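What follows is the residue order along each chain.
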Amino acid sequence: LDCSVRNFEDHAALDGGPDGLDIIRDILGHLPDWLSHTGVAMLEVHLTHPPVLQRLLNEEGGGHAQLRLQRVLPDFTGRDRIVVIGRR
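Residues numbered from 1 in each chain as written. Predicted model: local features only at pLDDT ≥ 70, side-chain atom pairs only at ≥ 80, totals over all residues. Heavy atoms only, no water.

Trainee: Looking at this model, I keep getting lost on the overall build of the protein chain. Mind explaining?
Mentor: Summing up its helical and strand segments, the protein chain has four helices and three strands in all. A burial count over the protein chain gives 30% of its 88 residues as buried. Long-range pairs, those at least 24 residues apart, make up 53% of the contacts in the protein chain with a sequence separation of at least 6. Here the protein chain has roughly 6,000 Å² of accessible surface; of this, 53% comes from carbon and sulfur atoms. (Helix = DSSP H or I, 4+ residues; strand = E, 2+ residues; numbered from the N terminus. Buried < 20%, exposed > 50% of the residue type's maximum accessible area, 1.4 Å probe, protein only. Contact = heavy atoms within 4.5 Å. Areas by Shrake-Rupley, 256 points an atom, 1.4 Å probe, with all protein chains shown as cover.)

Trainee: What is the right way to read the side chain of Asp75 from this model?
Mentor: Mapped onto the secondary structure, Asp75 falls in the loop between β2 (67-74) and β3 (80-87). Overall, Asp75 belongs to the buried group, its relative accessible area being 11%.

Trainee: Even after reading the chapter, I still don't get helix α4 (residues 49-58), so can you show me in this structure?
Mentor: Side chains that are three or four residues apart share a direction in an α-helix, a result of its 3.6 residues per turn. Listed as buried for α4 are His49, Pro50, Leu53, Leu56 and Leu57. For α4, the angular spread of the buried residues around the axis is 120°, confining them to a single face. Turning to α4, the residues buried within the fold contact α3 (22-34), β2 and β3. (Arc of directions from axis to C-beta.)

Trainee: Help me understand the pairing of strand β1 (residues 40-44), please; the structure alone is not making it clear to me.
Mentor: Alternating residues of β1 divide into Ala41 and Leu43, all buried, and Val40, Met42 and Glu44, none buried. Inspection of the sheet shows β1 paired to β3 by five bridges, in the antiparallel sense. By the bridge assignment, Glu44 is partnered in β3 with Ile82. (Pairing = 2+ DSSP bridges.)

Trainee: Just checking my understanding: could you explain the nonpolar core for this structure?
Mentor: For soluble globular proteins, nonpolar side chains are generally found buried alongside one another. One finds Ile24, Leu28, Leu31, Leu53, Leu67, Val83 and Ile85 to be the most contacted residues of the largest nonpolar core, which totals 15 residues. Going through the elements one at a time, α3, β1, α4, β2 and β3 are the ones with two or more residues in this core. Beyond its immediate chain neighbours, meaning those up to four positions away, Ile85 contacts Leu28, Leu31, Leu35, Gly39, Val40, Ala41, Leu43, Leu57, Leu67, Arg68 and Leu69. (Core = buried A, V, L, I, M, F, W, Y, C linked by side-chain atoms within 4.5 Å.)

Trainee: What exactly am I supposed to notice about the pairing of β3 here?
Mentor: A regular strand carries its side chains on alternate faces of the sheet. In terms of burial, β3 is a largely internal element, six of the eight residues being buried. Across seven bridges, β2 lies against β3 in antiparallel orientation. Bridged to Pro74 within β3 is Asp80. The turn joining β2 and β3, which pair antiparallel and follow one another in sequence, is formed by five residues; a positive phi near 90° is taken by Gly78.

Trainee: What exactly am I supposed to notice about α3 here?
Mentor: For α3, spanning 13 residues, the distance from its first C-alpha to its last is 18 Å, which sits close to the expected 18 Å at 1.5 Å a residue. Among the residues making up α3, those that are buried are Ile24, Leu28, Leu31 and Pro32. Each element contacted by the buried residues of α3 is listed here: β1, α4, β2 and β3. (Expected span 1.5 Å × (residues − 1).)

Right, dumping it as structure tokens:
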């Protein structure tokens, strides 16, 4: 990584595990406790992650039965990177 990234970004944010979703999985595990009935979480993710998250949240027995991916929004560059996750 470029020094401007490596030296100033949180290393946990830069190493998301084999598929880049370690911290996202951790957040998903807490969302049922954190969200109100109508609340949502908006997360900026890698370009490849919205469809992966859709599959993960739809998996039977995946541990996220209370959650659903409601929308995917573009970031300021127009790329679909913002996922909106709420309760089912």
